[in-house]
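Secondary and tertiary structure notes
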Amino acid sequence: MLTPSERERYDRQIMIGEIGQEGQGKLKRSRVVIAGAGGLGSPIAIYLTAAGIGTIRIIDHDQVALSNLNRQVLHWEEDVGRKKVDSARTKLRNLNSTVDIQAMAETITEKNASELVDGCDAIIDAMDNLPTRYILNRCAVEKKIPFFHGAVNGFEGRVLTVIPGETACLRCMYRGLVPQEKFPVIGVVPAVIGSIQATEVIKYLAGIGKLLTNRLLIYDGLKVTFSEFRLSKNPDCDHCGSLSGKE
Amino acid sequence: MVVKVHIHTTHRQFTNGSDVVAVEGNTVGECLNHLIKQFPGMEKALFAKKDKLLNTVEVYLNHASAYPNELLKPVKDGDQIHLVVMLTGG
């Protein structure tokens, strides 16, 4: 049930036929985890907070550095040295005080991942490294929580949505370890990719639209093109292979 | 069999800037070998060792993932191969 203030606040998106008051109510009752409060996590958190998701849990162990500010728009000059989750919580609470923002300054590990995402309806992958992405992917698969992947490098980005047990997961094309390197990026690219991830989350929670499942979307900012590639669930995948597939 | 290979942005330094290269072959592997014959710099960009793609390289055939055993996948005239590099940044 929406309050009069909420109906006013979300009036423009309630006007969208696919959302309406019912969809807005679903968003209000939803709980999501954003893993990473950096380049991707910033636009994701801003737009999900603005959209009125009920509870947003942000996990990041890092502190704000000057070199983050070209892309991590949740953090400002005054935040350098501060925990990213604290900086994020301040901004997001100022944006929408009705959203429960939970800040967790934790390093995501195989041991604590399950507990960190417990009770949530969606896990949003806004990490900056592959090992943690795989920890989250496995956790999402095991707990059967939808997983919203995004990644960037330079002017390029990609998005994939995973419905555990039904669609290809992040691990389905795994070929081996990838060296972790400092990556180049300009802020407008995670802005695009993070916004698409947030769109996917809103659609999933509201139960509308067609998700980016079994479809890898690749954005090339230099050419301004979006390419789509079909993926299939891998029956031998060491994360999701044991789960039955519907597609 | 003439197949078009779409070259990833980061690899175009090895193809004189070309983003699409025409190659010949009956499998993805043969097509990539022909690509390397034309542009030898692509070998290190794609392969860790003989017949072993780098873990960061993804191959799509006609816009569908060619994983697993990408190199053995048969191709036909007019097919398109996209070479894509995995991204991990956030």
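From a predicted model like this one, the values you see are computed outputs, not experimental measurements.

Considering the overall build of chain A
Helix and strand counts for chain A stand at eight helices and eight strands. Its C-alpha atoms give chain A a radius of gyration of 17 Å, near enough to 18 Å, the size a compact globule of 247 residues would have. The dimensions of chain A, computed from C-alpha atoms along their principal axes, are 50 × 40 × 40 Å. Burial analysis of chain A (247 residues in total) assigns 49% to the buried set.

Quick look at the environment of Ala140 of chain A
Residues and elements named next belong to chain A. Checked against the element boundaries, Ala140 lands in helix α7 (residues 130–143). Considering only alpha carbons, one finds Ala140 and Pro164, 24 residues apart in sequence, at a separation of 7.1 Å. Those residues within four positions of Ala140 in sequence are excluded, and the remaining contacts are Ile123, Ile145, Phe147, Val162 and Pro164.

As for helix α8 (residues 188–206) of chain A
Each α-helix winds once per 3.6 residues, and so residues spaced three or four apart point in a common direction. Residue and element names in this part refer to chain A. Between its first and last C-alpha atoms α8 spans 27 Å; for 19 residues at 1.5 Å apiece the expected length is 27 Å, and the two agree. Within α8, 14 of the 19 residues are buried, which leaves it mostly tucked inside the rest of the structure. Residue Gly207 follows α8 closely and has a positive phi angle near 70 degrees.

Focus on the nonpolar core
Nonpolar side chains in soluble globular proteins tend to end up buried together. All names here are of chain A. Counting 95 residues, the largest nonpolar core has Ala45, Ile123 and Ile124 as the members making the most contacts within it. A total of ten residues in this core trace back to one element, the largest contributor, which is α8. Setting aside its immediate chain neighbours within four residues, Ile123 contacts Val33, Ala35, Val117, Leu136, Ala140, Ile145 and Phe147.

Here's the deal with the pairing of strand β2 (residues 20–24) of chain B
Every other side chain in a regular strand lies on the same face of the sheet, so the side chains alternate between the two faces. Residue and element names in this part refer to chain B. The side-chain alternation of β2 yields one buried face, formed by Val21 and Val23, and one unburied face, formed by Val20, Ala22 and Glu24. In terms of strand pairing, strand β1 (residues 2–6) meets β2 through five bridges, oriented antiparallel. Looking at the pairing, Val2 lines up with Glu24 of β2.

Brief notes about unusual backbone geometry
With the exception of glycine, the majority of residues adopt a negative phi angle, and the majority of peptide bonds are in the trans configuration. Residue and element names in this part refer to chain B. Cis geometry is found at the peptide bond from Tyr67 to Pro68, where omega equals -5 degrees. Relative to the assigned elements, Pro68 resides in the loop between β6 (64–65) and β7 (80–85). At Asn69, a residue that is not glycine, the phi angle is positive and equals roughly 55 degrees. In this fold, Asn69 is placed in the loop between β6 and β7.

Observations regarding the interface of chain A and chain B
Chain A puts 30 residues into the contact, and the matching count from chain B is 15 residues. Sorting the residues of the side of chain A that touches chain B by element identifies β5 (147–153), β6 (156–162) and β8 (225–230) of chain A as the ones contributing at least two each. Looking at the side of chain A that touches chain B residue by residue, the class counts come to 16 nonpolar, eight polar and six charged.

Considering the confidence of the model for chain B
Detailed reading of predicted coordinates is not advised where the pLDDT is low. Mean pLDDT over chain B stands at 97; residues scoring 70 or higher make up 100%. The ipTM value of the predicted complex is 0.95, and its pTM value is 0.96.

With respect to the environment of Phe148 of chain A
Residue and element names in this part refer to chain A. Among the structural elements, Phe148 can be located in strand β5. Overall, Phe148 belongs to the buried group, with 27 C-beta atoms counted inside 10 Å. When the C-alpha positions of Phe148 and Gly194 are compared, they lie 10.0 Å apart, and in sequence the two are 46 residues distant. Leave out the neighbours within four places in its chain, and Phe148 touches Ala122, Ile124, Asp125, Thr161, Gln197, Glu200 and Val201.

About the cut-offs
Residues numbered from 1 in each chain as written. Chains lettered and ligands numbered in written order. Predicted model: local features only at pLDDT ≥ 70, side-chain atom pairs only at ≥ 80, totals over all residues. Helix = DSSP H or I, 4+ residues; strand = E, 2+ residues; numbered from the N terminus. Rg over C-alpha atoms; globule rule 2.2 N^0.38 Å. Buried ≥ 20, exposed ≤ 12 C-beta atoms within 10 Å, placed from the backbone. Contact = placed C-beta atoms within 7 Å. Expected span 1.5 Å × (residues − 1). Core = buried A, V, L, I, M, F, W, Y, C linked by C-beta atoms within 7 Å. Pairing = 2+ DSSP bridges. Nonpolar A, V, L, I, M, F, W, Y, C, P; charged D, E, K, R; others polar. pLDDT = per-residue confidence, 0-100.

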